[in-house]
Amino acid sequence: MPDAPAKILFSDGRAEAVHSVLEARFREAGIPSPRTEASILLNELGGCSPLQLFAAGPEGGHLSPGILDRIARAAERRLTREPLQYILGTAPFRDLELEVTPAVLIPRPETEVLVDHALAHLPACGSLLDVGTGSGAIALAAAQERPDVRVLALDVSPEALAVAERNSLRYRLANVEFRLSDLFSAVEGERFHVICANLPYVTREEYAGLEPEVRVFEPELALVAEDAGCALMERLANRLPEHLFPGGYGILEMSPPQTPRLQKLLAARGFRSEVLPDLTGRARFVAASLE
Ligand code: GLN
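Computed from a predicted model, the values in this text were never measured in an experiment.

1. Section: the site of the ligand
Lining the immediate environment of the ligand, one finds Leu105, Arg108, Glu110, Asn198, Leu199, Pro200, Tyr201, Val202, Ala222, Leu223 and Glu253. Note that a nitrogen atom of the ligand is positioned 3.3 Å from one of the side-chain N or O atoms of Glu110. Between the ligand and Leu223, the relevant distance is 3.3 Å, taken from an oxygen atom to a main-chain nitrogen or oxygen of the residue. Compared with its free state, where it exposes 310 Å², the ligand has 87% of that area covered by protein.

2. Topic: the nonpolar core
Ranked by size, the top nonpolar core spans 32 residues in total, and within it Leu128, Leu140, Val151, Val176, Phe178 and Ile251 carry the most contacts. A total of seven residues in this core trace back to one element, the largest contributor, which is helix α7 (residues 137-145). Beyond its immediate sequence surroundings of up to four residues, Leu140 is in contact with Leu96, Leu98, Ser135, Ala164, Asn167, Ser168, Leu173, Val176 and Phe178. In this structure, Leu129, Val131, Leu199 and Leu266 belong to the second largest nonpolar core, which totals 26 residues.

3. Topic: the pattern of salt bridges
Applying the stated criterion across every chain yields a total of 26 salt bridges. Glu23 is paired through a salt bridge with Arg27; the nearest N and O atoms lie 3.2 Å apart. Of this pair, Glu23 and Arg27 both sit in helix α1 (residues 15-28), four residues apart, which is roughly one turn of the helix. For Glu23, a relative accessible area of 12% gives the class buried.

Analysis parameters
Residues numbered from 1 in each chain as written. Predicted model: local features only at pLDDT ≥ 70, side-chain atom pairs only at ≥ 80, totals over all residues. Heavy atoms only, no water. Near = heavy atom within 4 Å. Polar contact = N/O pair within 3.5 Å; in protein donor to acceptor, adjacent residues only side chain to side chain. Areas by Shrake-Rupley, 256 points an atom, 1.4 Å probe, with all protein chains shown as cover. Core = buried A, V, L, I, M, F, W, Y, C linked by side-chain atoms within 4.5 Å. Buried < 20%, exposed > 50% of the residue type's maximum accessible area, 1.4 Å probe, protein only. Helix = DSSP H or I, 4+ residues; strand = E, 2+ residues; numbered from the N terminus. Contact = heavy atoms within 4.5 Å. Salt bridge = Lys/Arg side-chain N within 4 Å of Asp/Glu carboxyl O.

Put into structure tokens, the structure is as follows:
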């Protein structure tokens with residue numbers, strides 16, 4: 001008979017005690033920020049903010065058996081290394097709180113920077129194409145922050161597009177549209193002012209060494225690309241000239257070692273390219289403009 005999954009039992013319902021039990025179990029399991037994750041779970045499921053917890057001191061606030069049970073079940077999932085965002089079903093991105101499921105990559109903070117660059121290059125009432133939209137993060141943030149622009153978002157995964165469409169409904173954004181598309185297949189003959197993409201760029205070798213949260217739970221389709229991680233970005237870069245208006249701007253998220261290869265390819269397609277850093281200062285984006 002398989003072992004019964006480890007059950008978390010809280011010996012008392014005080015929020016403060018629950019927090020310490022969660023923190024200790026997360027730490028034992030090797031979860032990187034055990035204290036913060038314990039606080040987030042208590043906040044999201046138990047309604048105790050870290051500040052309330054702090055103010056309550058050793059007495060803690062009291063949590064009902066139903067809430068304790070929900071917290072315990074969520075914590076047990078987290079102990080299998082399932083990401084907190086899938087357990088809670090949401091992830092923040094810029095001003096949005098997006099639904100996320102295992103059909104989509106959890107939006108990363110570095111990708112928020114890509115939106116800044118894309119918006120800075122979008123003329124008033126211009127058009128933005130987001131290739132490989134996943135949860136819709138880039139497209140929806142852009143559509144929300146710039147109601148004047150028209151946003152089109154593409155993905156090859158129908159399951160991902162269903163999540164993106166639900167996220168769009170959540171914010172009732174009228175200026176964004178989604179299409180099922182293998183890179184540019186659904187936009188033949190169309191041009192845009194800005195094209196952005198956070199395509200899969202992790203190499204097979206890197207993938208094998210990733211944290212279980214990413215490797216086991218996030219969609220491989222959204223992460224891994226052949227050919228040193230460049231296969232899809234190269235396919236996209238090859239077709240970029242025919243989908244940008246003159247003076248248009250393209251921006252790709254990538255990993256730092258891919259920089260020379262992508263810059264060379266873009267130069268061969270007639271682009272001027274620029275490498276831009278993420279929030280930690282690493283080369284994370286390559287931007288291309290047409291003279
Ligand atoms: N930055 C992501 C990661 O390291 C990779 C995202 C991608 O492949 N587009 O998990």
